Amino acid sequence: QVQLVESGGGLVQAGGSLRLSCAAAGNILGVGTMGWHRQAPGKQRELVATITSRDTTNYADSVKGRFTISRDNAKKTVYLQMNTLKPEDTAVYYCNADLYIIGRPENYWGQGTQVTVSS
């Protein structure tokens, strides 16, 4: 069975750090672009960061300089290193990826992981 499994969420104080992981599991031939989105209470889901198979990265202005997205193709895993966390970073973080199984790539979402930043 093919799925994205997230881990690393939790509670952290403002100014602290946290690292999220998302691993593609199952019979997957390859992984294309991967990224992270987040949804705060009462707000729309927003893009946080993306990384292509060629390691080209893109960040939302609100996290630029604080967050770093990276990937390990051998492990089929994407990471989000979050530094200098702020209360406004509190949200459910969702992993997203284009997965090659058969033929053209298919888009998948992780189950979401809660990140809470206290003042």
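Before reading on, note that the structure itself is shown above.
Q: Please clarify how the pairing of strand 9 (residues 91-100) should be interpreted in this entry.
A: For a regular strand, side chains alternate in direction, first toward one face of the sheet and then toward the other. The buried fraction of strand 9 amounts to seven of the ten residues, a majority that puts the element mostly inside the structure. Relative to strand 9, strand 4 (residues 30-39) is paired through eight bridges, and the arrangement is antiparallel. Along strand 9, the bridge assignment pairs Gln-39 with Val-92. Bridge count between strand 9 and strand 11 (residues 113-118): three bridges; the pairing is antiparallel.

Q: Honestly, the packing of aromatic side chains in this entry has me stumped. Any pointers?
A: Between two aromatic rings, the relevant description is the distance of the centres plus the angle of the planes. As enumerated under the stated definition, the model contains zero aromatic pairs in all. Its guanidinium or amino end placed over the ring of Tyr-79, Arg-19 lies 5.9 Å from that ring's centre, counting from NZ or CZ.

Q: Honestly, the nonpolar core in this entry has me stumped. Any pointers?
A: When a protein is soluble and globular, its nonpolar side chains tend to lie buried together. Counting residues in each nonpolar core, the largest one holds 32 residues, and the members touching the most others are Trp-36, Leu-80, Met-82 and Tyr-93. Residue assignment for this core shows that the elements contributing at least two residues are strand 3 (18-25), strand 4, strand 5 (46-51), strand 7 (67-72), strand 8 (77-82), strand 9 and strand 11. Top contributing element to this core by residue count: strand 9, with five residues. In this structure Tyr-93 touches Glu-6, Leu-20, Trp-36, His-37, Arg-38, Val-48, Phe-67, Leu-80, Met-82, Gly-112, Thr-113 and Val-115, once residues within four positions along its chain are discounted.

Q: Mind showing me how you'd approach the sheet that holds strand 1 (residues 3-7) here?
A: Across a sheet, strands are paired by hydrogen bonds formed along the backbone, either parallel or antiparallel in direction. Judged by pairing direction, the sheet is antiparallel, and its four strands sit side by side in the order 1-3-8-7 without closing on themselves. On the outer flanks of this sheet lie strand 1 and strand 7, each paired with one strand and no other. Strand-to-strand twist in this sheet, taken as the mean axis angle between neighbours without regard to direction, amounts to 15°. In the sheet, strand 1 pairs with strand 3 via five bridges, with the strands oriented antiparallel. By the bridge assignment, Gln-3 is partnered in strand 3 with Ala-25.

What counts, and where the lines are drawn
Residues numbered from 1 in each chain as written. Predicted model: local features only at pLDDT ≥ 70, side-chain atom pairs only at ≥ 80, totals over all residues. Heavy atoms only, no water. Buried < 20%, exposed > 50% of the residue type's maximum accessible area, 1.4 Å probe, protein only. Helix = DSSP H or I, 4+ residues; strand = E, 2+ residues; numbered from the N terminus. Pairing = 2+ DSSP bridges. Phe/Tyr/Trp six-rings, centres within 6.5 Å; stacked < 30°, edge-to-face > 60°. Lys NZ or Arg CZ within 6 Å of the ring centre and 35° of its normal. Core = buried A, V, L, I, M, F, W, Y, C linked by side-chain atoms within 4.5 Å. Contact = heavy atoms within 4.5 Å. Axes fitted to C-alpha atoms, helices over the stretch in contact; angles between N-to-C directions.

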